[in-house]
Amino acid sequence: MKKDLPILPFSSEDFNWCVKNDFQVYATHDSEGNLKVAIRRGGITTDGKDYLIVNGLKKTSKEMIGEIIYKDMNQLSLYLPAIYQQIKKQYG
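About the cut-offs
- Residues numbered from 1 in each chain as written.
- Predicted model: local features only at pLDDT ≥ 70, side-chain atom pairs only at ≥ 80, totals over all residues.
- Heavy atoms only, no water.
- Phe/Tyr/Trp six-rings, centres within 6.5 Å; stacked < 30°, edge-to-face > 60°.
- Buried < 20%, exposed > 50% of the residue type's maximum accessible area, 1.4 Å probe, protein only.
- Pairing = 2+ DSSP bridges.
- Helix = DSSP H or I, 4+ residues; strand = E, 2+ residues; numbered from the N terminus.
- Arc of directions from axis to C-beta.
- Contact = heavy atoms within 4.5 Å.
- pLDDT = per-residue confidence, 0-100.
- Axes fitted to C-alpha atoms, helices over the stretch in contact; angles between N-to-C directions.

A. Representation of the packing of aromatic side chains in the model. If you walk through the whole model with that rule in mind, you get 5 aromatic pairs. Ring geometry for F10 versus F15: centroids 5.9 Å apart, planes at 50°, classification tilted. Its relative accessible area of 55% is what places F10 among the exposed residues. With centroids separated by 5.8 Å and ring planes inclined at 20°, the aromatic side chains of W17 and F23 adopt a geometry described as stacked. Here the two residues W17 and F23 agree in accessibility, since each one is buried.

As structure tokens, this is what we get:
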């Protein structure tokens, strides 16, 4: 696992920014069974799907799988505040 991602205290500002800007952040397993973070831009609007028809319009989302492998959900959850912050910095 990379060590360059800091463990930060929870920031409701960063979390709320991600929600308001339609970023869904969740845990997933890759094809080899490794636990990683997935970030889906547009994922809240599309209910986590690749696309969804909303009021006659096709809304799409894109999933990105992180590179860091976590040993379990407890470890992954320690890094969520840093992930929310990173998303806000990159897209905000």
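B. Local environment of the pairing of strand 1 (residues 23–29). Summarising the sheet, strand 1 and strand 2 (residues 35–41) pair through 7 bridges and their orientation is antiparallel. Across the sheet, F23 pairs through a bridge with R41, a residue of strand 2. Counting the residues between successive antiparallel strands, the hairpin from strand 1 to strand 2 contains 5 residues, one of them, G33, with a positive phi of roughly 85°.

C. Representation of helix 1 (residues 12–20). Looking only at helix 1, the buried set comprises D14, W17 and C18. One side of helix 1 carries all its buried residues, which in axial view fall inside an arc of 100°. In helix 1, the exposed residues that point more than 90 degrees away from the buried face are E13 and K20. Its buried side turned inward, helix 1 meets strand 1 and helix 2 (73–91).

D. Fine view of the confidence of the model for the chain. Counting all residues, the mean pLDDT for the chain is 94, and 97% of those residues have values of 70 or more. Across the chain, element-level confidence peaks in strand 2 with a mean pLDDT of 98 and bottoms out in strand 3 (residues 51–54) with 95.

E. The arrangement of the pairing of strand 2 in detail. Of all 7 residues in strand 2, 6 are buried; the element is thus mostly enclosed. Here strand 2 runs beside strand 5 (residues 62–65); their pairing, made up of 4 bridges, is antiparallel. Paired with I39 across the two strands is M64, which belongs to strand 5.

F. Just the sheet that holds strand 2, in detail. Judged by pairing direction, the sheet is antiparallel, and its 3 strands sit side by side in the order 1-2-5 without closing on themselves. On the outer flanks of this sheet lie strand 1 and strand 5, each paired with one strand and no other. With direction set aside, neighbouring strand axes in the sheet form an average angle of 25°.

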